[in-house]
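Spelled out from the first residue to the last, the chains are:
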Amino acid sequence: MATLTVYPGALITLDPSDKKVIIFDFDALNLAAGVTLTNASTAYGITITAIKQIGATALPFDNASLLSGSRKVQARFLATTATAGDRYSVACKATTSESPVQEKEYSITVLIQDH
């Protein structure tokens, strides 16, 4: 299964038939050497906010997890419940293993669009 690694501020498009795994890469831009993410909840800090929602159902996600090395978060986004033309802000907030603990968040924009 192909995955998509995203960086802060990215705009990505998903076809209404997509079930796509997206990776939030804190490793490349946000973490010092030796620091890991410690997110413990099932949502791993992921929130979805509708910017423009045409249909009755929003963009959901599932299977959120920390990747090996605990410096990236991944989740599968199910565009099959969204409607072409919908636009969402997807944020991922991570907590770090540092002392004191830091919280780092970045967001992307997801546009549902026929490919």
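Read on for an overview of the structure. (Residues numbered from 1 in each chain as written. Predicted model: local features only at pLDDT ≥ 70, side-chain atom pairs only at ≥ 80, totals over all residues. Heavy atoms only, no water.)

1. Examining the pairing of strand β2 (residues 11-14)
Every other side chain in a regular strand lies on the same face of the sheet, so the side chains alternate between the two faces. The alternating pattern of β2 places Ile12 and Leu14 on a buried face, while none of Leu11 and Thr13, on the opposite face, is buried. Sheet topology note: the β2/strand β8 (residues 103-112) ladder contains four bridges and is parallel. If you follow Thr13 over to β8, its bridge partner there is Leu111. (Buried < 20%, exposed > 50% of the residue type's maximum accessible area, 1.4 Å probe, protein only. Helix = DSSP H or I, 4+ residues; strand = E, 2+ residues; numbered from the N terminus. Pairing = 2+ DSSP bridges.)

2. Comments concerning the side chain of Arg71
With respect to the helices and strands, Arg71 occurs in the loop between β5 (61-66) and β6 (72-78). Residue Arg71 is classed as buried on the basis of its relative accessible area, which comes to 16%. At 3.1 Å, the side chain of Arg71 and the backbone oxygen of Ala32 are in polar contact. For Arg71, the residues in contact, after removing those within four places along its chain, are Asp25, Phe26, Asp27, Leu31, Ala32, Ala33, Gly34, Val35, Thr36 and Leu37. (Polar contact = N/O pair within 3.5 Å; in protein donor to acceptor, adjacent residues only side chain to side chain. Contact = heavy atoms within 4.5 Å.)

3. Concerning the pattern of salt bridges
Scanning the model with the defined rule gives three salt bridges in all. With a shortest N-O distance of 2.3 Å, Arg71 and Asp27 are connected by a salt bridge. Highlighted residues: Arg71 in the loop between β5 and β6 and Asp27 in helix α1 (residues 26-30), separated in sequence by 44 residues. Note that Glu103 and Lys93 form a salt bridge whose closest N and O atoms lie 3.6 Å from each other. Of this pair, Glu103 sits in strand β8 while Lys93 sits in strand β7 (residues 87-95), placing them ten residues apart in sequence. Its relative accessible area of 54% is what places Glu103 among the exposed residues. (Salt bridge = Lys/Arg side-chain N within 4 Å of Asp/Glu carboxyl O.)

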